[in-house]
Amino acid sequence: MDFLPPDFTPAYPEIFLLVMVCVVMLVDLLVGEKSRYVAFFLAQFALIGSAVLTFTTFSTDISYTFSDMFVDDPMSDTLKLMVYATVAVILIYSRTYIDARGMFKGEFFSLTLFATLGMMVMISASHFMTLYLGLELLSLSLYALVALQRDSTAATEAAMKFFVLGALASGFLLYGMSMVYGATGSLHTAQLSGIIQSGAIDHAVLVVGLVFIVAGISFKLSAVPFHMWAPDVYQGAPTAVTLFVGSAPKLAAFGFVMRLLVDGLGEMVTDWQGMLVILAVASMAVGNIVAIAQTNIKRMLAYSTISHMGFVLLGFIAAGENGYSSSLFYVIAYVLMTLGAFGIIMILSREGFECENISDFKGLNQRNPWLALIMMFLMLSMAGIPPMIGFYAKLSVLQAALSAGYVWLTVIAVMLSLIGAFYYLRIIKLMYFDAPESEAPIFPEPDIKALISINGIAVIALGIFPQALMGLSLYAIQQSM
Amino acid sequence: MLFGFPLLSLVIWLPIVVGLIVLAIGSDRNILLTRWLSLIGSIAGFIVAIPLYTRFDPTLSSMQFVEQYVWFERLNVYYHIGIDGISMPLILLNCFITPLIVIAGWEVIRERVSQYLGAFLIMSGIVNGVFSSLDAVLFYTFWEASLIPMFIIIGVWGGPNRVYAAIKFFLYTLLGSLLMLIALIYLYHVSNGSFSILDYHQLPLPMMPQIFIFIAFLLAFAVKVPMWPVHTWLPDAHVEAPTGGSVVLAAILLKLGGYGFLRFSLPIAPDASIYLADMMILLSLVAVVYIGLVALMQQDMKKLIAYSSVSHMGFVTLGFFLLNDLGIEGAMVQMISHGFISGAMFLCVGVLYDRLHSRQIADYGGVVNKMPVFAAFFMLFAMANAGLPGTSGFVGEFMVIMGSIEVSFWYAFFAALTLILGAAYTLWMYKRVIFGAIANANVEGLEDISKREFLLLAILAVAVLWLGVYPFPLTEIMHATVDNLLLHMTHSKL
């Protein structure tokens, strides 16, 4: 029997990144305490290299490999490029923060790169097993990252909580997948719809499996009622890790939902739409209302994430190219806003001072008007006020939901975002209307300052010119369906 | 477009760009540069707006100075702007008021001057954008964006209770706007993917959707106008805002609501508008009469003028929903005239406030003895506010009353009560503040208005008198557009 080696081309970025993670780990063992930055640069190089590889293999057709378990399509390339960019920005934002807290070590970089690899595998999976592998690689790296600050009880507690609940969710997911396998005899996303369409299967088993899968998904998205981990992990983890947990994995989660529900179980769209409606409404309601009561900025942003995920789900509920591409656009906009918000929190944190309470933003306009302006853009964007990108993201998911006939869902979403506007406004109020509590000067490193400026301007510039991102989202979805 | 030159875009973007430059100057060290740059920028903003009037063809009812470019294809959104006889006067009013705001804050604002002036200039451009947008997303973008500078202005430079007022202002108006957003997305859906407001005008709609759309728009515009019973944010915002903020709020931002009725509610949902006209008239009359009575009881001058604004804006909505040309044109004249008068009234209160730091009527008395020139100006504006013939306040109110008598005697009767109530609350306040013996040592120390203040009040006095004596240039512009609107409304969309 001939052994045909699989076509490695579609997986070049993943392979390259895996090699580079190993290099980072080895090099970090060899270099001394003073040359830790080598790991930083190697990590950045790994991301750039993967980006180049992804970019050069970017094509409009869909190619499968590894016995059809791995797929490379425009959607996966788009998402991966976003993930690289996000992780690279996170590493730059975190640099001084982790340095001041004794975490500027090889572990931080190798774990983030492993997590990145997990996300890439998730995004490119065309088989439920691959999907699960990617998810576990991501999750395990995240658990370790959260616990990286060993002396912090809050971080350890958060990591425990994250791990236990995450393991439970993975269990749900696997159980659901096994039921799907039991009903259909296949886990290939491309084959599932044909098998389900043929009608010779037990629909009830499939629906039960679907329920478990949706539960697993909503844990990853931190959608209500599977959101309990998010506030604790956001608060307990070091801010650099919180930023990581809150940003790039949401891009991967988008790919995850697309692969599982749309590619795999697209035939059952009417079944999962109903479930997602409940999740979306609950997420938007709980996220927006509970956020008002928060005094910890990281906790507040956790609830804000929950409500944003409700909006992302609206796009999935709307279904079709219009809906999915709107969701993708929303996720990208969300990641951009989250990066900026946590970036500013890290700039405000210094050695021995953790910016955690929303009162730490008091009088920021007097201390540093430029940072205050950027933070105002970010908050207005999250609240969905034009001309920030957040508004156009909301506009596109809302029009998708309304076009799909969900008029009441749209009305509820809009009313809940009004409630949400209040706590974003409160941050602006603290920055602009109140007197500062601390006079400590804020001097971000030049590269961080430049990057946060670009981030803040992007939030308004991509809002004024949203066509590029919206067009890209539509293109990625259209070419991959 | 004029010789291919995007004049209207210039009117929108010039103040915004100047505002951004002013913001970028930043620190208070270059305070003079900031002030002069803002002044030159705002006057330039007014000068470039003048050709909109001189080159406007009043015989046309269609949009003029139209510019249309693709903004983002994904949702079929265009950068589509143009003006007609309804929006043009409002743009001119806005460009006219902006330099006055800059002058009004000249020596008064000493902290974070660049942010203050920058916010006003940016807002001026944004408001021009609202009045000229012909694309729903563009309109909504400008509409919401106008909240941000005002929120900052009230919150940073306002009075003691500014935070409450700023947040109330923001959330209240956001509530209305979000419902409008749903209506716009719905219209996008039923028009098969168009965000063009002019397309919506021609879109046939059954009665139930029309009513829902009308109500969604009503909430957005009623909050902005503001109509009774959603007016409660206005007195708070006015009392706490700095003088410049109050002037812009009363003179310009309230007009956004009135404009919305003419651009959206009436032409998009004509059958619902006719069906619900009686309700709208009733709400307007409540505002006119009841809020007039409330104004009578105020102890705070700014609050009194704020309530008087609500009452006068009740006249505007009353005029619109009479659905005849006298009513609508009268309401338009009333909007412009209210812009001048309320702006002037707030400036007058500002003059007093800058000196004694009190807005309480009881803290004043006998001001005429110390500030005779000021008292004369204040007298003129108080009379105009009360609707004295010969001032602009009379023209609009008279036209609306004439329009309402065509519909019903009782509408006219209640509307006319405002002439009595308006005179009562305005002149009573005037008497208590200005006349009588010198009330206390603070008043004894007052100095009459400076040249800067004289200039401000004189410009507004000329405007008030000119519009009162010769309103023809204003009514001439809007005549064709209003006729066309009424004609449009006679065709049912059902």
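Basis of the calculations
- Residues numbered from 1 in each chain as written.
- Chains lettered and ligands numbered in written order.
- Predicted model: local features only at pLDDT ≥ 70, side-chain atom pairs only at ≥ 80, totals over all residues.
- UniProt positions renumbered as here; feature names shortened; annotations may be inferred.
- Helix = DSSP H or I, 4+ residues; strand = E, 2+ residues; numbered from the N terminus.
- Buried ≥ 20, exposed ≤ 12 C-beta atoms within 10 Å, placed from the backbone.
- Arc of directions from axis to C-beta.
- Contact = placed C-beta atoms within 7 Å.
- Nonpolar A, V, L, I, M, F, W, Y, C, P; charged D, E, K, R; others polar.
- Axes fitted to C-alpha atoms, helices over the stretch in contact; angles between N-to-C directions.
- Parallel < 35°, antiparallel > 145°, perpendicular 65-115°, else oblique.
- Left-handed = near helix turned anticlockwise from the far one by under 90°.
- Core = buried A, V, L, I, M, F, W, Y, C linked by C-beta atoms within 7 Å.
- Pairing = 2+ DSSP bridges.

Draft legend 1. Geometry of the UniProt feature "domain: NADH:quinone oxidoreductase/Mrp antiporter transmembrane" (unreviewed entry) in chain B. Look at the UniProt record and you will see "domain: NADH:quinone oxidoreductase/Mrp antiporter transmembrane" (unreviewed entry) annotated at residues 134–418 of chain B. Helix makes up 80% of residues 134–418 of chain B and strand 0%, and the two end C-alpha atoms of the span are 35 Å apart.

Draft legend 2. Representation of helix α7 (residues 189–198) of chain A in the model. Residues and elements named next belong to chain A. The complete set of buried residues in α7 reads T189, L192 and I196. For α7, the angular spread of buried residues about the axis comes to 35°, placing them on one side. Away from the buried face of α7 by more than 90 degrees, exposed residues G194, Q197 and S198 are located. In this structure, the buried residues of α7 make contact with α6 (153–184) and α11 (248–264). Within two residues after α7, G199 carries a phi angle of roughly 85°, on the positive side.

Draft legend 3. Here's a closer look at the environment of Q360 of chain B. Residue and element names in this part refer to chain B. Structurally, the position occupied by Q360 is in the loop between α15 (325–356) and α16 (372–386). Overall, the presence of 11 C-beta atoms within 10 Å leaves Q360 in the exposed class. Taking the C-alpha atoms as reference, Q360 lies 6.1 Å from M301; in sequence the two are 59 residues apart.

Draft legend 4. Fine view of the interface of chain A and chain B. With 25 residues of chain A at the contact, the number on the chain B side is 27 residues. At the level of secondary structure, the elements contributing two or more residues to the side of chain A that touches chain B comprise α16 (369–383), α17 (389–403), α18 (407–433) and α20 (467–480) of chain A. Grouping the amino acids of the side of chain A that touches chain B by side-chain chemistry returns 18 nonpolar, six polar and one charged.

Draft legend 5. The arrangement of the packing of helix α11 (residues 243–268) of chain B against helix α14 (residues 301–322) of chain B in detail. All names here are of chain B. For the pair α11 and α14, interaxial distance at closest approach is 11 Å and the crossing angle is 20°. It follows that α11 is roughly parallel to α14 by the angle criterion. Taken as a pair, α11 and α14 cross one another with a handedness that is right-handed. On α14, the residues touching S246, A250, L254, G258, F261, L262 and L266 of α11 are K302, S309, M313, V316, T317 and F320. Looking at the contact of α11 with α14, its residues break down into eight nonpolar, four polar and one charged.

Draft legend 6. Looking closely at the UniProt feature "domain: NADH:ubiquinone oxidoreductase chain 4 N-terminal" (unreviewed entry) in chain B. With numbering matched to this structure, UniProt assigns "domain: NADH:ubiquinone oxidoreductase chain 4 N-terminal" (unreviewed entry) to residues 60–124 of chain B. From the first C-alpha to the last, residues 60–124 of chain B spans 27 Å; its make-up is 46% helix and 25% strand.

Draft legend 7. Summary view of the nonpolar core. V146, M375 and A401 of chain A together with F381 of chain B are the most contacted members of the largest nonpolar core, which totals 384 residues. No other element matches helix α14 (residues 320–348) of chain A, which puts 19 residues into this core. The contact partners of F381 of chain B, leaving out residues within four places of it in the chain, are I341, A344, M345, C348 and V464 of chain B.

Draft legend 8. Focus on the pairing of strand β2 (residues 77–83) of chain B. Residues and elements named next belong to chain B. Here β2 lies mainly inside the structure; five of its seven residues are buried. Of the strand pairs in this sheet, strand β1 (residues 64–72) and β2 are connected by six bridges, and their pairing is antiparallel. Looking at the pairing, Y69 lines up with Y79 of β2. Where β1 folds back onto β2 in an antiparallel hairpin, the turn is made up of four residues, including N76, whose phi is positive at roughly 60°.

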